[in-house]
Amino acid sequence: MSQLKLAVEQVTPFRQNCTIIWDDATKHGVVVDPGGDIDRVLETITGFGLHIDQILLTHGHIDHAGGAARLRDELSTIAGVPVPIWGPSEEDKFLLDGLQVTGEGYGIADARAVTPDRWLHEGDHVVIAGHKFEVLHCPGHTPGHIVFLDRQLGFGIFGDVLFRGSVGRTDFPYGDSEALLTAIRTKLLPLDDNFVFLCGHGARSTIGQERKTNPFVGEQA
Ligand SMILES: [Zn+2]
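Residues numbered from 1 in each chain as written. Predicted model: local features only at pLDDT ≥ 70, side-chain atom pairs only at ≥ 80, totals over all residues. Heavy atoms only, no water.

**Q** Please explain the overall build of the protein as it appears in this structure.
**A** Secondary structure summary: the protein contains seven helices and 13 strands in total. In terms of overall dimensions, the protein is globule-like: its C-alpha atoms have a radius of gyration of 16 Å, near the 17 Å expected for 221 residues. Counting only C-alpha atoms, the protein reaches 50 × 45 × 30 Å along its principal axes. Counting all 221 residues of the protein, 52% fall into the buried class. (Helix = DSSP H or I, 4+ residues; strand = E, 2+ residues; numbered from the N terminus. Rg over C-alpha atoms; globule rule 2.2 N^0.38 Å. Buried < 20%, exposed > 50% of the residue type's maximum accessible area, 1.4 Å probe, protein only.)

**Q** Help me understand the side chain of Glu210, please; the structure alone is not making it clear to me.
**A** Its place among the elements puts Glu210 in helix α7 (residues 207-213). Of the buried charged residues, Glu210 lacks a salt bridge, with Arg164 as the closest side chain of opposite charge at 5.5 Å. Of the polar contacts made by the side chain of Glu210, one reaches the backbone nitrogen of Gly165; its length is 2.8 Å. Side chain to side chain, Glu210 and Ser205 meet in a polar contact 2.5 Å long. Excluding residues within four positions of it along the chain, Glu210 makes contact with Leu162, Phe163, Arg164, Gly165, Ser166, Phe197, Ser205 and Gly218. (Lys, Arg positive; Asp, Glu negative; His and termini not counted. Salt bridge = Lys/Arg side-chain N within 4 Å of Asp/Glu carboxyl O. Polar contact = N/O pair within 3.5 Å; in protein donor to acceptor, adjacent residues only side chain to side chain. Contact = heavy atoms within 4.5 Å.)

**Q** Would you explain the nonpolar core in this entry?
**A** The nonpolar side chains of a soluble globular protein tend to be buried with one another. Counting 27 residues, the largest nonpolar core has Ile20, Val31, Val41, Ile45, Ile52, Leu71 and Leu75 as its most contacted members. Only β1 (4-11), β2 (16-23), α1 (38-47), β4 (51-56), α2 (62-65) and α3 (68-79) provide two or more residues apiece to this core. The contact partners of Ile20, leaving out residues within four places of it in the chain, are Lys5, Leu6, Ala7, Val30, Val31, Val41, Thr44, Ile45, Leu50 and Ile52. (Core = buried A, V, L, I, M, F, W, Y, C linked by side-chain atoms within 4.5 Å.)

**Q** What's the story with the packing of aromatic side chains in this structure? I'm lost.
**A** Two aromatic rings are characterised by how far apart their centres lie and by the angle between their planes. Evaluated as defined, the whole model comprises seven aromatic pairs. An angle of 90 degrees between the planes, with centres 6.2 Å apart, marks the rings of Phe133 and Phe155 as edge-to-face. Taken together, the residues Phe133 in strand β7 (residues 131-137) and Phe155 in strand β9 (residues 155-157) connect sequence positions 22 residues apart. For the pair Phe133 and Phe155, a shared accessibility class is recorded, and that class is buried. When the ring of Phe172 is compared with that of Tyr174, the centres are 5.3 Å apart and the planes differ by 5 degrees; the resulting orientation is stacked. A residue is classified by how much of its surface remains accessible, and Tyr174, at 24% relative accessible area, is partly exposed. Following the ring pairs from residue to residue traces out a cluster consisting of Phe94, Phe172 and Tyr174. (Phe/Tyr/Trp six-rings, centres within 6.5 Å; stacked < 30°, edge-to-face > 60°.)

**Q** Explanation requested: the coordination of the zinc ion in the structure shown.
**A** Looking at the zinc ion, one finds its protein donor set to be His59 (NE2), His61 (ND1), His141 (NE2) and Asp160 (OD), positioned 2.2 to 2.3 Å from the metal centre. Around the zinc ion, the four donor atoms are arranged such that angles at the metal cover 88 to 167 degrees; this shape is classified as irregular. Between the donor residues of the zinc ion, the gaps in sequence give the motif H-x1-H-x79-H-x18-D. Taken together, the residues span a long stretch of sequence, with His59 in the loop between β4 and α2 and His141 in the loop between β7 and β8 (146-150) at a distance of 82 residues. Classification of His59 by relative accessible area gives buried; the value is 0%. (Donors = N, O, S within 2.8 Å, 3.2 Å for Na, K, Ca; no water. Tetrahedral: all angles 85-135°; square planar, octahedral: opposite > 155°, others 65-115°.)

**Q** I would appreciate a short explanation of the packing of α1 against α3 in the present structure.
**A** Two quantities define a packed helix pair, namely the angle between the axes and the distance from one axis to the other. One can describe the packing of α1 onto α3 by two numbers: an axis separation of 10 Å at closest approach and a directional angle of 35 degrees. The handedness of the crossing between α1 and α3 comes out as right-handed. Contacts between α1 and α3 involve Ile38, Asp39, Val41, Leu42 and Ile45 from the first element and Arg70, Leu71, Glu74, Leu75 and Ile78 from the second. Of the residues belonging to the contact of α1 with α3, the class tally is seven nonpolar, no polar and three charged. (Axes fitted to C-alpha atoms, helices over the stretch in contact; angles between N-to-C directions. Left-handed = near helix turned anticlockwise from the far one by under 90°. Nonpolar A, V, L, I, M, F, W, Y, C, P; charged D, E, K, R; others polar.)

**Q** Help me understand unusual backbone geometry, please; the structure alone is not making it clear to me.
**A** Note: most peptide bonds trans; most residues except glycine with negative phi. Of note, the amide linkage connecting Gly87 to Pro88 takes the cis form, showing an omega dihedral of -5 degrees. Along the chain, Pro88 turns up in the loop between β5 (85-86) and α4 (93-97). Positive phi is not limited to glycine here, since Thr12 has a value of about 65 degrees. Along the chain, Thr12 turns up in the loop between β1 and β2. On the accessibility criterion, Thr12 (12% relative accessible area) is buried.

Below, the structure written as structure tokens:
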């Protein structure tokens, strides 16, 4: 049984939780949602002596994906082999294509457009630190948003779909609150009570806590 370790770096002015997950025995792992502050992310990777096999993206927003192209370049140089970017689903291509322009608007000068090496879809699997994680498509916050979860471990990375006490914003031109709430109710809330998930912003939570207390999708909603 591999030992899953994780480090969270809050990146960009949006304080997005860029998460590094690795197997403590092999030191191999992945980086999820490197939105920016790549120097700091690299310091953490180097500090723990990690080999990053892959960069994963939950969706195309700048605070999650703006630093992915640079991190891919830097890690590929360090590793001497290409380090691929996987995800999100291709419905978010327009967001990834526009990252540099979006960055200029937010004063994030180093954001770069990025094309993933592979789009991910509902039912795909990715290996994170030796564990097989399932990919679920949870649109609404963005059209191509995906989440990663391992039901056996009881652990997932949910990006901007479900937060502790809240849900992802849908007030963008492409936002769809009905799709978001449906995805949360049908795909995430049925998970076990003690299932732990990391959010793109703020503290982690459990499915049990959100099912009981979340004002948008919980039992009282
Ligand atoms: Zn977002």
